[in-house]
Amino acid sequence: MSPERMTCARPGRSYPLYMSEKKAFFAVLAIVPVVFACSSEGGGGGSPDGSAPADGGVVSEGGTLPDGAANDCVGLPEKALLAELPVGPGLGMGLTSDAIVVGSPTSGADTGNSFFPKTGALLRIPKAGGAPVAFHTPAPTVGLGAWRVVGNDVYFFEFAYAEASKAGKLYRRGLNDAAATPIGTGTFDGVVSYVAGADAASVYVVTPGKDGEFDIVRVDKASGASTVMTSLKSLQFGQAQLFGGFVYFYATQGAGALYRVPVDATGVAPTKVTDRTCFGGGLTITSDAFYCGEALALSKYDLAFANPLKLVNALDYPNAQAPWALGVFGTEVLVAFRAQKQPMLALPVGGGPARKVACEIPGPVEAGAIEGDNAFFMVSPFVSGGRQNSLYRLKITR
């Protein structure tokens with residue numbers, strides 16, 4: 001991953017608003033960076049008139065801080081509102097060289113199915129802002145499952161919502177491709193399965209096994225063969241991500257533990273990395289550290305998951321909780337909170353005073369990515385009927 005573009009968004013999931021009790025249980029346990037929303041034609045879901053300003057609406061900083069302290073927001077960069085998406089589930093995002101990708105469970109074709117009323121759709125939004133446009137919509141007989149952006153491609157599942165098994169197929173599609181390309185010949189549970197990552201040779205999938213366990217499966221891009229890399233009896237595998245020749249994942253057995261398995265593994269037991277839990281999608285891995293978002297703190301650990309260094313204490317910010325690292329840029333780490341009306345911070349990777357890059361973000365930051373001088377992020381405050389999902393761009397360098 002180049003230092004110019006670091007994506008720390010969680011994998012997208014286009015879960016419907018209604019599903020079976022079993023599927024809903026697993027969906028809640030899973031990491032849900034997820035999903036997005038727009039009209040079936042891809043033209044809705046922008047600002048109230050159906051589009052966002054072409055250059056992004058500007059939201060100025062300033063005003064009184066949440067704790068009533070003196071205004072230290074003057075002179076901060078302004079965050080640009082790129083798009084507003086329909087109220088619904090909290091959404092994730094992914095960043096390609098050309099556009100921002102989101103996915104919408106309320107877009108696509110009508111299905112006539114009460115549990116899955118829409119097929120869902122993958123949407124693209126210009127980095128300068130504008131109306132979301134659908135670039136992939138499943139056929140009316142299938143629904144859009146979990147998805148992840150890797151480079152300039154989107155890997156995703158489609159599943160047969162009318163089948164009890166919700167049998168799913170794995171696909172790849174670039175934003176400018178004429179059609180999606182199927183990967184492999186096997187089927188997966190299309191509602192619960194998701195992509196941990198992909199490299200030049202393979203796609204790495206988290207999926208329920210046949211005997212109540214969860215599996216990490218390697219799908220060969222050339223042959224389509226699927227190989228079970230590792231399995232564990234677990235309620236769920238969460239926060240799975242590919243980094244440095246390993247697939248890292250949390251297994252929610254009791255309090256949960258972080259494991260990893262080599263990308264070339266076949267049928268091996270995973271190696272436990274730590275028993276420390278990184279709260280709700282708060283694990284960010286870089287070349288020299290783990291950044292672990294906890295309920296009230298963000299800490300940095302070395303690659304042995306030792307020598308913790310507390311970077312952020314949420315108690316220093318009124319009503320703050322769940323700080324997490326969007327990524328590293330230069331010598332600083334960008335930190336956001338999953339809470340209402342909190343600042344966005346940049347801190348030295350070695351610890352030290354924080355500087356605000358934004359004074360007050362209107363809601364929880366659910367996903368984000370760094371590219372050059374800018375951060376792109378999804379904000380999803382709770383409103384009547386679900387979440388109001390808004391996509392922003394912010395200059396984060398000095």
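Residues numbered from 1 in each chain as written. Predicted model: local features only at pLDDT ≥ 70, side-chain atom pairs only at ≥ 80, totals over all residues. Heavy atoms only, no water.

1. A short note on the state of the cysteines
Then comes step 1: Counted by the stated rule, this structure contains 1 disulfide.
Then comes step 2: With a sulfur-sulfur separation of 2.2 Å, Cys278 is cross-linked through a disulfide to Cys292. Between Cys278 and Cys292, the S-S torsion sits near -120°, and that sign places the bridge as left-handed. Residue Cys278 is found in the loop between strand 19 (271-274) and strand 20 (283-285), and its partner Cys292 is found in strand 21 (residues 290-293); the two are separated by 14 residues along the sequence. Just as Cys278 is buried, Cys292 falls in that class too. (Disulfide = S-S within 2.5 Å. Helix = DSSP H or I, 4+ residues; strand = E, 2+ residues; numbered from the N terminus. Buried < 20%, exposed > 50% of the residue type's maximum accessible area, 1.4 Å probe, protein only.)

2. Regarding the confidence of the model for the protein
Then comes step 1: Looking at the protein as a whole, its pLDDT mean stands at 80, while 80% of the residues score no less than 70.
Then comes step 2: Ignoring residues within four places in sequence, the model shows residues 1-8, a span with pLDDT below 50, making 26 contacts including any to other chains.
Then comes step 3: Here residues 14-71 is modelled with pLDDT under 50, and outside its nearest four sequence neighbours on either side it reaches 164 contacts, counting other chains as well. (pLDDT = per-residue confidence, 0-100. Contact = heavy atoms within 4.5 Å.)

3. Notes on the pattern of salt bridges
Then comes step 1: Taken as a whole and judged by the stated rule, the model has 9 salt bridges.
Then comes step 2: Residue Glu294 is joined to Arg276 by a salt bridge in which the shortest nitrogen-to-oxygen separation is 2.9 Å. Linking Glu294 in the loop between strand 21 and strand 22 (297-301) with Arg276 in the loop between strand 19 and strand 20, this pair joins segments that are 18 residues apart in sequence.
Then comes step 3: Overall, Glu294 belongs to the buried group, its relative accessible area being 15%.
Then comes step 4: Through salt bridges with shared partners, one network takes in Asp153, Arg172 and Asp177. (Salt bridge = Lys/Arg side-chain N within 4 Å of Asp/Glu carboxyl O.)

4. Some words on the sheet that holds strand 27 (residues 355-361)
Backbone-to-backbone hydrogen bonds join strands into a sheet, with any given pair of strands oriented parallel or antiparallel.
Then comes step 1: An order of 24-25-26-27 is seen for the 4 strands of this open sheet, with the pairing classed as antiparallel. The open sheet has two edge strands, strand 24 (323-329) and strand 27, and neither has a second partner. Within this sheet the neighbouring strands show an average axis-to-axis angle of 20°, counted without direction.
Then comes step 2: Sheet topology places strand 24 next to strand 25 (residues 332-337); 6 bridges connect them, and they run antiparallel. Across the sheet, Gly327 pairs through a bridge with Leu334, a residue of strand 25. (Pairing = 2+ DSSP bridges. Axes fitted to C-alpha atoms, helices over the stretch in contact; angles between N-to-C directions.)

5. Structural notes on the side chain of Lys79
Then comes step 1: Counting through the fold element by element, Lys79 comes out in strand 3 (residues 79-88).
Then comes step 2: Look at Lys79 and you get buried, because its relative accessible area is 3%.
Then comes step 3: A distance of 3.4 Å separates a polar atom in the side chain of Lys79 from the backbone oxygen of Glu360. (Polar contact = N/O pair within 3.5 Å; in protein donor to acceptor, adjacent residues only side chain to side chain.)

6. Topic: the packing of aromatic side chains
Then comes step 1: Per the counting criterion, the structure on display carries 11 aromatic pairs.
Then comes step 2: Pairing Phe377 with Tyr392 gives two aromatic rings, centres 5.8 Å apart and planes at 20°, and the pair type is stacked. Note that Phe377 is positioned in strand 29 (residues 374-379) and Tyr392 in strand 31 (residues 386-395), a separation of 15 residues in sequence. Of the two residues, Phe377 and Tyr392, neither departs from the other in class, the shared state being buried.
Then comes step 3: Taken together through their ring pairs, the aromatic side chains of Phe246, Tyr248, Phe290, Tyr301 and Phe305 make up a single cluster.
Then comes step 4: The ring of Phe382 has Arg387 lying over it, and the distance from NZ or CZ to the ring centre is 3.9 Å. (Phe/Tyr/Trp six-rings, centres within 6.5 Å; stacked < 30°, edge-to-face > 60°. Lys NZ or Arg CZ within 6 Å of the ring centre and 35° of its normal.)

7. With respect to the sheet that holds strand 13 (residues 202-208)
Then comes step 1: Overall, antiparallel pairing links the 4 strands, which are arranged 12-13-14-15 in an open sheet. Edge positions in the sheet fall to strand 12 (194-198) and strand 15 (226-233), since each has one partner strand and no second. Strand after strand, the sheet turns through a mean of 20° between neighbouring axes, direction not considered.

8. Brief notes about the environment of Thr331
Then comes step 1: Tracing the backbone shows Thr331 in the loop between strand 24 and strand 25.
Then comes step 2: For Thr331, a relative accessible area of 60% gives the class exposed.
Then comes step 3: Once the C-alpha coordinates of Thr331 and Gly350 are considered, the two residues, 19 residues apart in sequence, prove to be 8.3 Å apart.
Then comes step 4: Residues contacting Thr331, with those up to four places away along its chain left out, are Leu347, Pro348 and Val349.

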